[in-house]
Amino acid sequence: MYYNFFRKDESEKIFSKLYRTVAWKQETTSLYSRQISLPRLTAWYGDEGRAYTYSKIKMEPQPWIPILKSIKLQIEEISNEVFNSVLLNLYRDGKDSISWHSDDEPELGKNPVIASVSFGGNRRFMFRHKYKKELKFNIELNRGSLLLMKGETQHFWQHQIPKTNKVIQPRINLTFRKII
Ligand SMILES: O=C(O)CCC(=O)C(=O)O
Ligand SMILES: [Fe+2]
């Protein structure tokens, strides 16, 4: 975990650039045979031909844009990994969220490395163990932070960003992934 991977001024610039230039979409998913809107906006960028199924949504990636390429290079350098796609989430306010899940889609392979970077408002990122539900911990993901999840993390742990009543700034999160 790197709390200040990007400096404050740099993070603010990146936030506004992403906010303005990313092709944000309101996706829907099916729940008990009804269509419901995801409580956040999303976007998917990556190398051509790397389709990804997420929350039952099949996403074709958009081609890389310079800002995303530049973040990707910096993250590849520090993590010593190579990523070929990125999922972006925009949490417009405290009502936007992502519920408990593991990033364990088969396209990610057995022990995926996922690099998560955040810009904008702080949000609480919660982990809980899949089988021992009393095992849990939280991390504040502040602007400019980089969190690496790897090894067996996705086998044993779920994570979420809960809704909050606090007044908070919009937040953008990027998870760089390797689709096999
Ligand atoms: O917004 C975050 O920090 C987490 C996003 C996430 O877990 C996901 O997109 O799979
Ligand atoms: Fe996730």
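In the nomenclature of an unreviewed UniProt entry, the protein corresponds to Oxidoreductase, 2OG-Fe(II) oxygenase family from the organism Coleofasciculus chthonoplastes PCC 7420. Per UniProt, the protein carries the Cofactor (unreviewed entry) text "Fe(2+)".

(A) Structural view of helix H1 (residues 8-21). With 14 residues, H1 ought to run about 20 Å at 1.5 Å a step, and its terminal C-alpha atoms sit 20 Å apart, in line with that. Listing the buried residues of H1 in full gives Ser11, Ile14, Phe15 and Leu18. The buried residues of H1 occupy one face: seen down the axis, they fall within an arc of 105 degrees. Looking at H1, the residues exposed on the side facing more than 90 degrees away from the buried face are Asp9, Ser16, Arg20 and Thr21. The inward-facing, buried residues of H1 abut helix H2 (66-79), strand E8 (114-120) and strand E13 (171-177).

(B) Region of interest: the sheet that holds strand E6 (residues 85-91). Overall, antiparallel pairing links the five strands, which are arranged E3-E6-E13-E8-E11 in an open sheet. The two strands at the open ends of the sheet, each matched to only one other strand, are strand E3 (41-46) and strand E11 (146-149). Shown here is a sheet whose adjacent strand axes are inclined to one another by a mean of 20 degrees, direction ignored. Sheet contacts for H1: E8 and E13; angle to E8, the most-contacted strand, approximately 95 degrees. Of the strands in this sheet, E3, E6, E8, E11 and E13 touch H2, which is tilted by about 130 degrees from E8.

Quick notes on the rules
- Numbering of residues starts from 1 in every chain and runs along the sequence as written.
- Each chain is given a letter, starting from A, and each ligand a number, starting from 1, according to the order in which they appear as written.
- Totals for whole chains, interfaces and linings use all residues, but because this is a predicted model, local features are given only for residues with pLDDT of at least 70 and pairs of side-chain atoms are given and counted only at 80 or more.
- UniProt positions are given in the numbering used here, feature names are shortened, and annotations may be inferred rather than shown by experiment.
- Secondary structure counts use DSSP, requiring at least four H or I residues in a row for a helix and at least two E residues in a row for a strand, with both numbered from the N terminus.
- To estimate how far a helix should extend, the number of its residues minus one is multiplied by 1.5 Å.
- Residue burial is a threshold on neighbouring C-beta atoms within 10 Å of the residue's own C-beta, all placed from the backbone, with 20 or more meaning buried, 12 or fewer meaning exposed, and counts in between meaning partly exposed.
- Note that the arc is computed from the directions linking the helix axis to the C-beta atoms.
- We call two residues in contact whenever the C-beta atoms placed from their backbones are within 7 Å.
- Paired strands are those between which DSSP finds at least two bridges.
- Helix axes are fitted only over the stretch in contact, all axes being lines through C-alpha atoms; the angle between N-to-C directions runs from 0 to 180 degrees.

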